Amino acid sequence: MWSAVAQQAGDAADMARFIAALPKAEYHVHLEGTLEADMKFALAKRNGLDLPFADVAAMKASYIYHDLPSFLAIYYDGMKVLRTEQDFHDLAYAYLAKAASQNILYAEMFFDPQEHLKRGVPMAAVIGGITSARVAAAAQLGIGSQLILCFVRDLSAESAMAALEAALPFREHLVAVGLDSDEKDHPPIKFAAHFAKARAAGLKVTAHCDLNQKDILEHIRQAIVDIRVDRIDHGGNILESPELMAMAKARNLYFTVCPSFSGTVRGDKPPIDVVRGMLDAGLNVTINSDDPAYMGSEYLNEVLVKAQARSALTKAELVQLQRNAFNAGWMSETQRAACHAKLDAFARAQGVAG
Ligand SMILES: [Zn+2]
């Protein structure tokens, strides 16, 4: 019995080492969701702002949520300390440094400019700060990255259009537009004109289809059929619709799944584990961290360790998930080939086919 327990612990440590060394990519991470409590205090001090918490521990203790709206209330309140170009630089650089330390070779990061424009922060400061951090991280840490502008779907369509128009002069620093925040009664089709305008400017298109939301299958259908997205963020409820799964496969769509927030489809049938279900269904699934600062500071390695245990992922499946991730990226073909070469070399060295 004791040796069985010791063996299990040894296996877990071996798997954690494998995950840490695995070359990775990340596509579903909100920069504002990487704003750690200690950085909030530092930025508040720099900007002369008061925070209603005594210290980091008290702030973290307030991170209690039971659904998407209760999470978003804390998330939007937290980002108020971001005021200057330097703040956005520091935020993005901190994430990229963390990502590079976890062997993430390439990341595409979301940001929510409407929330910053509302506070009077100019688009130039937001995109300028993030871009200078991306450039510095590429040079100093060797991590590639790109930026995805998200429309905040529970704000007005006019507000989203104003943000898009303010961002288009910085088009060269963006790779895509996305759609996030509170999904209830805010379907993808509300932003059809925005997506069309972004696509006309040469940007890719992605959209959150958050797990277990009202009308979620209709939202996934709109994303695939009406908006013709290039990728889907979350999207696990597609497992409830063979018709939508067939469409996603025909389009070779990739899904950015974040199992730490919610990893289970809850329909009227028995619950389905999203990662296991999507892998077994032959969908192009990738695993991502979403808002790590608000999820126990669990970044991609920690998320993968938990996902491996929860979804009983083999080493070959972990390699396959990263192969999917390198295929899903909107990077140059040269970058993609370099990422695949590192993954192939890793898999060979570990004796894992995949
Ligand atoms: Zn998200």
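Residues numbered from 1 in each chain as written. Predicted model: local features only at pLDDT ≥ 70, side-chain atom pairs only at ≥ 80, totals over all residues. Heavy atoms only, no water.

Trainee: Sorry if this is basic, but what is going on with the pattern of salt bridges here?
Mentor: Oppositely charged side chains can pair when the atoms bearing their charge come close. This structure, assessed with the given rule, holds 19 salt bridges. Put simply, Glu115 and Lys118 hold a salt bridge, and the shortest N to O gap is 3.2 Å. Here Glu115 and its partner Lys118 are both found in helix H6 (residues 113–118), 3 residues apart, which amounts to about one turn of the helix. In this structure, the salt-bridge partner of Asp280 is Arg276, at a minimum N-O distance of 3.0 Å. On the criterion of helical spacing, the pair formed by Asp280 and Arg276 is a turn pair, its members being 4 residues apart in helix H12 (residues 274–280). Salt bridges linked by common partners bring Arg46, Asp87 and Asp90 together as one network. (Salt bridge = Lys/Arg side-chain N within 4 Å of Asp/Glu carboxyl O. Helix = DSSP H or I, 4+ residues; strand = E, 2+ residues; numbered from the N terminus.)

Trainee: For this particular structure, what's the right way to read the pairing of strand S4 (residues 176–180)?
Mentor: A regular strand carries its side chains on alternate faces of the sheet. Counting buried positions along S4 gives 5 out of 5 residues, so the element sits mostly inside the fold. Residues Ala176, Gly178 and Asp180 line one face of S4 and the alternating positions Val177 and Leu179 line the opposite face, and both faces are buried. Relative to S4, strand S3 (residues 144–152) runs parallel, the two sharing 5 bridges. Each residue of the ladder has a partner; that of Cys150, found in S4, is Gly178. Taking the sense of rotation as the criterion, the β-α-β connection linking S3, helix H8 (residues 157–167) and S4 turns out right-handed. Once you follow S4 into helix H9 (residues 192–200) and on to strand S5 (residues 204–209), the crossover reads as right-handed. (Buried < 20%, exposed > 50% of the residue type's maximum accessible area, 1.4 Å probe, protein only. Pairing = 2+ DSSP bridges. Right-handed = clockwise from strand over helix to strand, strands pointing away.)

Trainee: It is not clear to me how the side chain of Asp180 should be interpreted in this structure. Could you clarify?
Mentor: For Asp180, the location among the structural elements is in strand S4. No salt bridge forms around the buried Asp180; measuring N to O, its nearest opposite-charge neighbour Arg153 is 7.4 Å away. A distance of 3.3 Å separates the side chain of Asp180 from the side chain of His30, its partner in a polar contact. Filtering out sequence-adjacent residues up to four positions away, Asp180 remains in contact with His30, Asp112, Cys150, Phe151, Val152, Arg153 and His208. (Lys, Arg positive; Asp, Glu negative; His and termini not counted. Polar contact = N/O pair within 3.5 Å; in protein donor to acceptor, adjacent residues only side chain to side chain. Contact = heavy atoms within 4.5 Å.)

Trainee: Whenever I open this one, the UniProt feature "site: Important for catalytic activity" (unreviewed entry) in the chain confuses me. Can you help?
Mentor: Under the UniProt annotation, the feature "site: Important for catalytic activity" (unreviewed entry) is placed at His234. With respect to the helices, strands and loops of the structure, His234 is situated in strand S6 (residues 231–234). Assessed through its relative accessible area of 7%, His234 is described here as buried. Of note is the side chain of His234, whose polar atom sits 3.4 Å from the side chain of Asp210. (UniProt positions renumbered as here; feature names shortened; annotations may be inferred.)

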